[in-house]
Amino acid sequence: EAQNRGRVQRVAPKNEALLRAQSEDLWNEYMSGAWAHVAPVEVGGLLCRSPLPAQLTWLMRKDADFIWAKKLRKLLEEELPEIDGRPR
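**Student:** So what's going on with the overall build of the protein? Which residues, and what values?
**Tutor:** Across its full length, the protein holds five helices and zero strands. Order of helices (α) and strands (β) in the protein, N terminus to C terminus: α-α-α-α-α. Within the protein, the proportion of its 88 residues that are buried is 12%. Sequence-distant contacts, at least 24 apart, represent 20% of the contacts inside the protein between residues at least 6 apart. Accessible area of the protein: about 7,900 Å², with a carbon and sulfur share of 57%.

Right, here's the structure in full:
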């Protein structure tokens, strides 16, 4: 227990005590700092990523070799107005 406490900054001792009372295994995992898993997504797990429009915009702006980014860039360029009779 003493070695576990040295690794984690204590934020909510009452919550730690409750977690320990509910599950010794989860408490040990929490105290060792193991929150991320190097496994496939767990059922009910949370996946975080950029929203699709943000990903496409980023790829389009960096002129990536990605078909959907190229199509989006082409569509947007076709919608740009002419300035002084010259296409943009």
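**Student:** Can you explain the packing of aromatic side chains? Please cite residues and give values.
**Tutor:** On inspection of all chains with the given rule, the structure shows zero aromatic pairs. The ring of Trp27 carries Arg20 above its face, with NZ or CZ at 4.0 Å from the centroid. Here the basic side chain of Lys71 rests over the ring of Trp68, its NZ or CZ set 4.8 Å away from the ring centre.

**Student:** I'd like to hear about the environment of Phe66, residue by residue, with values.
**Tutor:** Mapped onto the fold, Phe66 is located in the loop between α4 (52-61) and α5 (67-79). Once residues lying within four places of it in the same chain are set aside, the contact partners of Phe66 are Leu56 and Leu59.

**Student:** Run through the packing of helix α2 (residues 13-22) against helix α3 (residues 24-32), naming residues and quoting values.
**Tutor:** Two elements in contact, α2 and α3, have axes separated by 5 Å at closest approach and are oriented at 140 degrees. Overall, the two elements α2 and α3 adopt an arrangement that is oblique. Of the residues in α3, those touching α2 at Glu16, Leu19, Arg20 and Gln22 are Glu24, Leu26, Trp27, Tyr30 and Met31. Of the residues contributing to the contact of α2 with α3, the split by class is five nonpolar, one polar and three charged.

**Student:** Tell me about the pattern of salt bridges, and please be specific about residues and values.
**Tutor:** Under the defined criterion, the tally for this structure stands at four salt bridges. A salt bridge links Glu24 to Arg20, with the shortest nitrogen-to-oxygen separation between them at 3.4 Å. A relative accessible area of 38% means that Glu24 is categorised as partly exposed. When its relative accessible area of 28% is taken as the criterion, Arg20 is described as partly exposed. The salt bridge involving Asp65 is made with Lys70; its shortest N-O contact spans 2.7 Å. Owing to a relative accessible area of 71%, Asp65 belongs among the exposed residues under this scheme.

What counts, and at which threshold
- As a convention, each chain's residues are numbered from 1 in the sequence order in which they are written.
- Whole-chain, interface and lining totals are the exception, using all residues; otherwise, since this is a predicted model, local features are given only for residues with pLDDT of at least 70 and side-chain atom pairs are given and counted only at 80 or more.
- To obtain the side-chain values, all non-hydrogen atoms of the structure were used and water was disregarded.
- A helix here means a DSSP run of H or I that spans at least four residues, while a strand means a run of E at least two residues long, and both kinds are numbered starting from the N terminus.
- Residue exposure (1.4 Å probe, protein chains only): buried if accessible area is under 20% of the type maximum, exposed if over 50%, otherwise partly exposed.
- Residues are treated as being in contact if the distance between any of their heavy atoms lies within 4.5 Å.
- Exposure was quantified through the Shrake-Rupley algorithm and a 1.4 Å probe, taking into account, for residues, occlusion by the shown protein chains and nothing else.
- Centres within 6.5 Å are what make two rings of Phe, Tyr or Trp a pair, Trp counting through its six-membered ring; a difference in plane orientation under 30 degrees is then read as stacked, over 60 as edge-to-face, and the rest as tilted.
- Charges are assigned to positions over rings by a cutoff of 6 Å between ring centre and Lys NZ or Arg CZ, combined with an angular limit of 35 degrees from the ring normal.
- Convention adopted: a line fitted to C-alpha atoms gives each axis, helices being fitted over their contacting stretch, and angles between N-to-C directions are expressed from 0 to 180 degrees.
- Oblique is the label for every angle not falling under 35 degrees (roughly parallel), over 145 degrees (roughly antiparallel), or within 65 to 115 degrees (roughly perpendicular).
- Following the grouping adopted for this structure description, the nonpolar residues are Ala, Val, Leu, Ile, Met, Phe, Trp, Tyr, Cys and Pro, the charged ones are Asp, Glu, Lys and Arg, and the polar ones are all others, Gly among them.
- Salt bridge, as used here: a side-chain nitrogen of Lys or Arg that lies within 4 Å of a carboxyl oxygen of Asp or Glu.

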